[in-house]
Amino acid sequence: MTFRLMFLLLLVWRLALPPVRAEEPITLWERAADGAAFYVAPSGNDQHPGSLEQPFRTLSRARDAVRAINQQDRQPGPIVVMLRGGTYQPDLSVVFSDRDSGSAESPIVYMAYPGERPVLSGGRAAADWQPHKGRILVAELPKQENQYYRFRTLFLNGQRQIRARHPNFDPAHPWDGGWAFIAETLPVDSATPATLRWEAGVFSGAWANPQHGELFTVPGLAWINDFMPIGVTDRQRRTITVTRTHVPPWSRLKKGNRFRVENLLEHLDQPGEWCFNPDARRLYFWPPGAGVSAGQSVTFPVLDRLIEVRSTSGKPVRHIHFQGLTFTQTLTVYPNPIAKHPGYIDCNRPNSAGYAFLMENAEHCRVQGCRFDQVGGDAIRLHGYNAYHQIVQNEIVGAGAQAICLADLDFWPYDFKPIWRGNDARFRAMSSRLPWAIGNVISDNHIHHCGLTDGFGAAIHFHGMNCRDNVISHNLIHDQPHHAMYFSMGFGRNYIEYNDVHTLCLVMADAGGVYHNRWCILPDDPVLNRHSVVRYNRIRDVYGVAPYGRQVDDPAATPSHERLEKPHFTWGIYYDNSPRRAQVYGNLTINNVWGGVFLGGGYSQPEDCLVENNIMVESNTYQFDAAVSAGAAGNRWRRNIVYYKSPTAALLRARDTNGIAECDYNVYFPASGQPLKLVGVPGESWQQWREMGFDQHSVVADPLFVDPAEGDYRLQAGSPALQLGFEQLPFDRMGPRAPAGPRP
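All figures in this text were calculated on a predicted structure; none of them were measured in a lab.

K.L.:
Help me understand the overall build of the protein in this model?
P.N.:
For the protein, the helix and strand inventory stands at five helices and 61 strands. By the compact-globule yardstick of 27 Å for 744 residues, the protein fits well, its C-alpha radius of gyration being 27 Å. Principal-axis analysis of the C-alpha atoms gives the protein an extent of 80 × 80 × 50 Å. Buried positions account for 60% of the 744 residues belonging to the protein. Put simply, of all contacts in the protein between residues at least 6 apart along the chain, 78% involve residues at least 24 apart. Approximately 27,600 Å² of the protein is accessible, and the part contributed by carbon and sulfur atoms is 50%. When the 71 basic and 73 acidic side-chain charges of the protein are each reduced to a single mean position, those positions are 3 Å apart.

Put into structure tokens, the structure is as follows:
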């Protein structure tokens, strides 16, 4: 191939990539303390006029006041409502409908008063604590007509406490410590076992009310976790029988799966633990320190939603902004099985675990500079049709499920076929049922330690949507039980760019930092004929944990973190079930398991996908995974840099190479001097691989990073990668451009 032809082909592919945007972070609303139309304060009164001196007490009263003046003729400009510092505990979620809309010239802005921290809480205080036994206290919750209590979190002064459990929480190993393991499931030949036998010596003593407890487990192949209600127990046989089983083979209870028992009084055995007897409405708590003193607050959640921005009239809600608010202590309603399929806690769609902030049928709204702290389900759920929203500069920590989720759940997910060939009519029919997500921007958010109840949930999850040009950029995501970003069972293009994600898949397996499953295109549709673009992301330390604990001689004395294989079965960027026209460009992946990029998951028939100009560093099994099945076609791997030291790791894995149209102009460097190993190639031979027509222009050489030991992967001027057309990555642009959360 002549240099001129090579250059022209490179130019054509580069022009096919969408242009790189250079937008600056979205600026906050700046307003003087006396510049609002209305004020709200916890000490206010809804009979007041809502002035700075006489504020309203509730957000709903302020909404109604805005609605009234918004219907009047007035000069263009924002209507601003300021919330003073303190805690607000609404009786019901506050709903904003199309009657509350602003406009582009006159948005409605609900924001924190300068320098103060307003907190919207779904919690209620438990009071009148009495001694129970030792240092354990008990409080009886008030009886409520036609309601019952169902909560799995308790807070002391806003800090989450530990639900009584066995084995106990291991603070040194918060994700992989504190587990027991299933010795056997019963009946042995059952496809949906409801009974497990625990290992000898793990549990001792009797349970007075086992039906109050739950089995928290990571069942099957470690794709989900679940709370399974305990029915009956048998101490002599060492068995627990649950009242709900799992149907799918990937989530059935299996020998070796990890579990723990929660919410039984017999396991309330250390400070900071609590449990709840729902029959007697009695809450037990062993507070850390000297006890619950005056000025301390013990709270439990009762609301699963705090704010809803949604229209049922057909006219979208528009131009409402929320800034600088804190949301906390909402109720989780997980697990919430699919009504027609109660045996499914699904491993593809986001489950309904509650939503602290919900938007549905809305446009041009903004959630900015807010903090979502220990909410029970999703922090932010965009359900159904949503367009041109800005979810920016928020901190989301400790959410029970997803941090940010765009989803439609009104279809049976397994109507969505895992391969595209021969299913065009089915995909068109599925797309016609799905709502649209258009032009939404999710940027500069800091998301961490979420998925504490529903560990399946990714930090950012798109599911069941027709998509056009949504932007997920400049987010910092870390310390998650599963993926950072998950795109499942939808259509169209999203831009996933400039994100910095690390320390992922700390509970689950078979996962990736950025993961697509059954995300499709419609080739004859002018909008939905384009797949997502994954570019300029830094993806590090995607671990994965094996679904089964290894056998040991003394289970009771062996900590669970020593029995779980990790890292296990993950990739940096993972496409499952046959992507088409996906573009992976300019990413840095470091320290993953089965490779930096994988196109061939599931049914493994990717078509016309491009993996170009990426740096893949130090995965411990393969460096990149080119294993695709018969039926794959037109996929290209080129101008990538691969750098690794492990003497046992392979360069790549291949399967049916007919699906690889090109693998060339790459730089490979086994930095320990080990020979290149190519799994799936005859003799695992580099020479055989080249004789098959691949990597004819690639080189095995040091790419000359500036300082890889210190994480500096810029290329020196003499790098062989630059000579092959590799472009330097914009490392300085990866990650947030602005602080996340409320400003001081």
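That covers the picture; the talk isn't over yet.
K.L.:
Just to check I follow, could you spell out the layout of surface pockets for this structure?
P.N.:
A probe matching the size of a water molecule, rolled over the atoms, marks out where space remains unfilled. The volume enclosed by the largest pocket comes to roughly 1,000 Å³. Around the largest pocket, the lining is made up of 39 residues, and of these Arg-165, Phe-169, Pro-174, Arg-260 and Leu-452 lie nearest the centre. Of the residues belonging to the lining of the largest pocket, the class tally is 17 nonpolar, 13 polar and nine charged.

K.L.:
I tried to follow the sheet that holds strand β20 (residues 273–277) on my own but got confused; where do I start?
P.N.:
Strands in a sheet are paired, the pairing made by backbone hydrogen bonds, and the direction either parallel or antiparallel. As summarised here, the arrangement of the five strands in space is β8-β9-β21-β20-β12, forming an open sheet in which the pairing is mixed. In this open sheet, the two edge strands, each paired with only one partner strand, are β8 (130–133) and β12 (162–163). Direction of pairing for β20 relative to strand β21 (residues 282–285): antiparallel, over a ladder of four bridges. Bridge pairing in β21 links Phe-276 to Leu-283.

K.L.:
Even after reading the chapter, I still don't get the pattern of salt bridges, so can you show me in this structure?
P.N.:
Two side chains carrying opposite charge are able to pair once their charged atoms lie near each other. For the coordinates displayed, the defined rule picks out 31 salt bridges. Among the ionic pairs, Glu-214 bridges to Arg-163, the shortest N-O distance being 2.9 Å. Taken together, the residues span a long stretch of sequence, with Glu-214 in strand β16 (residues 214–218) and Arg-163 in strand β12 at a distance of 51 residues. One exposure class covers both Glu-214 and Arg-163, and it is buried. One salt bridge in this structure joins Arg-563 and Glu-199, with 2.8 Å as the shortest N-O distance. Residue Arg-563 is found in the loop between β45 (538–542) and β46 (570–576), and its partner Glu-199 is found in the loop between β15 (195–198) and β16; the two are separated by 364 residues along the sequence. Accessibility expressed as a relative area gives 2% for Arg-563, which makes it buried. In this structure Glu-199 comes out as buried when scored by relative accessible area, which is 7%.

K.L.:
How do you make sense of helix α3 (residues 424–433) when you look at a structure like this?
P.N.:
Side chains of residues three or four places apart in an α-helix project in the same direction, reflecting 3.6 residues per turn. Turning to α3, its buried residues are Phe-427, Met-430 and Ser-431. Viewed end-on, α3 has its buried residues packed into an arc of 100°, placing them on one side of the element. Opposite the buried face of α3, at more than 90 degrees from it, the exposed residues are Ala-425 and Ser-432. For α3, the elements touching its buried residues are β38 (466–473) and β41 (491–497).

K.L.:
So what exactly am I meant to see when it comes to empty space enclosed by the protein here?
P.N.:
Inspection of every chain in the model, using the stated rule, returns one cavity of 30 Å³ or more. Around the largest cavity, the lining residues are Lys-417, Pro-418, Ile-419, Trp-420, Phe-427, Arg-518, Cys-520, Ile-521, Asn-577, Ser-578 and Arg-580. Its residues placed into classes, the lining of the largest cavity shows six nonpolar, two polar and three charged.

K.L.:
Looking at this structure, how should I read the sheet that holds strand β22 (residues 298–301)?
P.N.:
Strand order across the open sheet formed by four strands is β7-β22-β10-β11, with antiparallel pairing between neighbours. The strands lining the two open edges of the sheet, one partner per strand, are β7 (123–125) and β11 (159–160). Inspection of the sheet shows strand β10 (residues 155–156) paired to β11 by two bridges, in the antiparallel sense. Paired with Phe-155 across the bridge in β11 is Arg-160.

K.L.:
When you look at the environment of Gln-728 in this model, what are you seeing that I'm missing?
P.N.:
Mapped onto the elements, Gln-728 comes out in the segment after α5 (720–723). For Gln-728, a relative accessible area of 38% corresponds to the partly exposed category. In this structure the C-alpha to C-alpha distance between Gln-728 and Val-667, which are 61 residues apart in sequence, comes to 14 Å. One polar contact links the side chain of Gln-728 to the main-chain carbonyl oxygen of Leu-715, over a distance of 2.8 Å.

K.L.:
Even after reading the chapter, I still don't get unusual backbone geometry, so can you show me in this structure?
P.N.:
For residues that are not glycine, phi is negative in most cases, and the peptide bond is trans in most cases. Note the cis peptide between Leu-186 and Pro-187, where omega equals -10°. Within the secondary structure layout, Pro-187 lies in the loop between β14 (180–186) and β15. A cis amide bond links Tyr-334 to the next residue, Pro-335, at an omega of -5°. A positive phi angle is found at Gln-393, which is not glycine, with a value near 60°. Here Gln-393 is to be found in the loop between β31 (390–392) and β32 (395–397). In the Ramachandran plot, His-474 falls in the positive-phi region, its phi being about 60° despite a non-glycine side chain. His-474 gets classed as buried once you look at its relative accessible area, which sits at 4%.

K.L.:
How do you make sense of the pairing of β21 when you look at a structure like this?
P.N.:
The pairing of strand β9 (residues 136–140) with β21 spans four bridges and is antiparallel. Along β21, the bridge assignment pairs Leu-137 with Phe-285. Taking the residues between adjacent antiparallel strands as the criterion, β20 and β21 are bridged by four residues, where Arg-281 takes a positive phi near 55°.

K.L.:
Would you explain the packing of aromatic side chains in this entry?
P.N.:
Two measures describe an aromatic ring pair: the distance that separates the ring centres and the angle between the ring planes. Applying the stated rule across the entire model yields 45 aromatic pairs. Relative to Phe-276, the ring of Phe-151 lies with its centre 4.8 Å away and its plane at 35°, an arrangement referred to as tilted. Of the two residues, Phe-151 is situated in the loop between β9 and β10 and Phe-276 in strand β20; the sequence distance between them amounts to 125 residues. Each member of the pair Phe-151 and Phe-276 is classed as buried. Judged by centre distance (5.0 Å) and plane angle (85°), the ring pair of Phe-705 and Tyr-713 falls under edge-to-face. Pair check on accessibility: Phe-705 and Tyr-713 agree, each one buried.

K.L.:
Looking at this structure, I do not really get the side chain of Glu-214. What am I missing?
P.N.:
Glu-214 sits in the buried class, given a relative accessible area of 12%. Reaching out from Glu-214, the side chain makes a polar contact with the side chain of Arg-152 at a distance of 2.9 Å. Only 2.9 Å separates the side chain of Glu-214 from the side chain of Arg-163, close enough to count as a polar contact. Ignoring any residue separated from it by four or fewer positions in sequence, one finds Glu-214 in contact with Arg-152, Arg-163, Phe-227, Met-228, Ile-230, Arg-260, Val-261 and Glu-262.

K.L.:
Help me out: how do you make sense of helix α2 (residues 59–70) in this one?
P.N.:
Helix length check: α2 (12 residues) gives 16 Å between terminal C-alpha atoms against 16 Å at 1.5 Å per residue, within 8%. For α2, the complete set of buried residues consists of Leu-59, Ala-62, Arg-63, Ala-65, Val-66 and Arg-67. Close packing links the buried residues of α2 with β1 (38–40), β2 (79–83), β4 (94–96), β5 (108–112), β6 (118–121) and β23 (307–310).

K.L.:
Which parts of the structure should I look at to understand the side chain of Ser-121?
P.N.:
Residue position: Ser-121 is located in strand β6. With relative accessibility at 3%, the residue Ser-121 sits in the buried group. A polar side-chain atom of Ser-121 sits 3.0 Å from the main-chain amide nitrogen of Gly-123. Residues in contact with Ser-121, not counting those within four places in the same chain, are Thr-87, Tyr-88, Gln-89, Pro-90, Leu-306, Thr-328 and Gln-329.

What counts and how
- Residues numbered from 1 in each chain as written.
- Predicted model: local features only at pLDDT ≥ 70, side-chain atom pairs only at ≥ 80, totals over all residues.
- Heavy atoms only, no water.
- Helix = DSSP H or I, 4+ residues; strand = E, 2+ residues; numbered from the N terminus.
- Rg over C-alpha atoms; globule rule 2.2 N^0.38 Å.
- Buried < 20%, exposed > 50% of the residue type's maximum accessible area, 1.4 Å probe, protein only.
- Contact = heavy atoms within 4.5 Å.
- Areas by Shrake-Rupley, 256 points an atom, 1.4 Å probe, with all protein chains shown as cover.
- Lys, Arg positive; Asp, Glu negative; His and termini not counted.
- Charge placed at Lys NZ, Arg CZ, Asp CG, Glu CD.
- 1 Å grid on protein atoms, 1.4 Å probe; cavity = no way out; pocket = protein on both sides within 12 Å on 5 of 7 lines; lining within 4 Å.
- Points joined across faces, edges and corners; volume = space filled by probe spheres on them.
- Nonpolar A, V, L, I, M, F, W, Y, C, P; charged D, E, K, R; others polar.
- Pairing = 2+ DSSP bridges.
- Salt bridge = Lys/Arg side-chain N within 4 Å of Asp/Glu carboxyl O.
- Arc of directions from axis to C-beta.
- Polar contact = N/O pair within 3.5 Å; in protein donor to acceptor, adjacent residues only side chain to side chain.
- Phe/Tyr/Trp six-rings, centres within 6.5 Å; stacked < 30°, edge-to-face > 60°.
- Expected span 1.5 Å × (residues − 1).

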